[in-house]
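# Examination of the molecular architecture
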Amino acid sequence: MAKEIHTIGVLTSGGDAPGMNAAIRAVVRQAISKGRAVKGIKRGYAGLLQEEIEDMEAWHVSDIIQRGGTILQTARCLEFKEPEVQKRAADICKKHGIDGMIIIGGDGSFRGAQRLAEQGINTIGLPGTIDLDIACTEYTIGFDTAVNTAMEAIDKVRDTSTSHERCSIIEVMGRDAGYIALWCGIANGAEDILLPEKYDFDEQKLVNHIIENRKRGKKHHIIINAEGIGHSTSMAKRIEAATGMETRATILGHMQRGGSPTCKDRVYASTMGALAVDLLCEGKTNRVVGYRHGDYIDFDIDEALAMKKAISEYQYEICHTLSI
Ligand code: ADP
Ligand code: F6P
């Protein structure tokens, strides 16, 4: 028989992402509407180990749907990879009467969720990361806001680039994943995109492309560089020296992680938060919520983590074709 859940714990883990608050709000209110108690755990797994656990009522999540960041705060907690620490965390959950946990974060956070599930705590993961790099889902909480923030910033850099007839290297977030760079590449009409999954470090090819475009009369040259490639400032100096075209680097940084979530992030995060509660109430555990082909669905966490995701070859190709 499925385990009946009485008290649901919720935490955010890993990098924060706009829309996490909408998800927390949905978890709290859906759980209360189903007669369950909710406890908020501060600062991810680190706060769980420190027993930073508070009861949450409906009013605790008032006025947060429109706010970036996470009211529960977040952390990276390396010691959570150790089995004895995971056991201690499960014992803490049991001590506080938490029999179901909702973990909002990325792949790393889901690995922690798996370990808690093994220790007898029913767990559901929600995909929260601006990187869009979770294989089982076409949507992750925060990506839409982050990519729109980056797009608007790049539009502004493009204006001044055109006025001054400069080359601009704009660095966007994504240490291992190039989705923000790819989407901005298409949305901002960039001449080049450098993605961790694709870049061959052939700077001469970039230089040749800039020179060709200049000869064809292009007034600017926008290069979107993912954080995983990095070194935008030194790259700008080398490119300026090799092309003779004034080149500037702009690193967008953590501005991409903050700000009020877009409508899409609010709606998807709210739906996923409510669904996570429904799944726990059905007795499910070791699941992760995803969005695919127009539906919100759930996967076994082990299977979800084994899935692979790749940058669309077609979108990568058209990014170059459409900026001729
Ligand atoms: P994200 O969840 O965004 O992928 P991280 O990879 O930093 O971010 O993971 C967030 C947290 O999840 C880590 O700080 C750690 O507490 C926990 N975590 C990551 N990997 C594991 C693992 N293999 N086992 C247990 N917990 C993990
Ligand atoms: O995972 C989200 C993310 O913003 C990545 O794009 C980036 O590489 C990383 O987090 C930055 O982490 P930190 O905030 O620790 O510098």
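Reading the values: the criteria
Residues numbered from 1 in each chain as written. Chains lettered and ligands numbered in written order. Predicted model: local features only at pLDDT ≥ 70, side-chain atom pairs only at ≥ 80, totals over all residues. Heavy atoms only, no water. Near = heavy atom within 4 Å. Polar contact = N/O pair within 3.5 Å; in protein donor to acceptor, adjacent residues only side chain to side chain. Areas by Shrake-Rupley, 256 points an atom, 1.4 Å probe, with all protein chains shown as cover. Nonpolar A, V, L, I, M, F, W, Y, C, P; charged D, E, K, R; others polar. Buried < 20%, exposed > 50% of the residue type's maximum accessible area, 1.4 Å probe, protein only. Helix = DSSP H or I, 4+ residues; strand = E, 2+ residues; numbered from the N terminus. Pairing = 2+ DSSP bridges.

### Description of the site of ligand 1
The environment of ligand 1 is formed by 14 residues, the closest being Arg76, Cys77, Gly106, Gly108 and Ser109. Separating an oxygen atom of ligand 1 from a side-chain N or O atom of Arg76 is a distance of 3.1 Å. For ligand 1, an oxygen atom lies 3.4 Å from a polar atom in the backbone of Asp107. Here ligand 1 has 550 Å² of accessible area as a free molecule, and 80% of this is covered by the chains. Per-class residue counts for the shell around ligand 1 are three nonpolar, seven polar and four charged.

### A short note on the pairing of strand β6 (residues 167–172)
When you tally the buried positions in β6, you get six out of six residues, the bulk of the element. The two faces of β6 match: Cys167, Ile169 and Glu171 on one face and Ser168, Ile170 and Val172 on the other face are all buried. Across six bridges, β6 lies against strand β8 (residues 221–226) in parallel orientation. Among the inter-strand pairings, Val172 is bridged to a residue of β8, identified as Ala226. As judged from the five bridges shared by β6 and strand β9 (residues 247–251), these two strands associate in the parallel manner. Along β9, the bridge assignment pairs Ser168 with Arg248.

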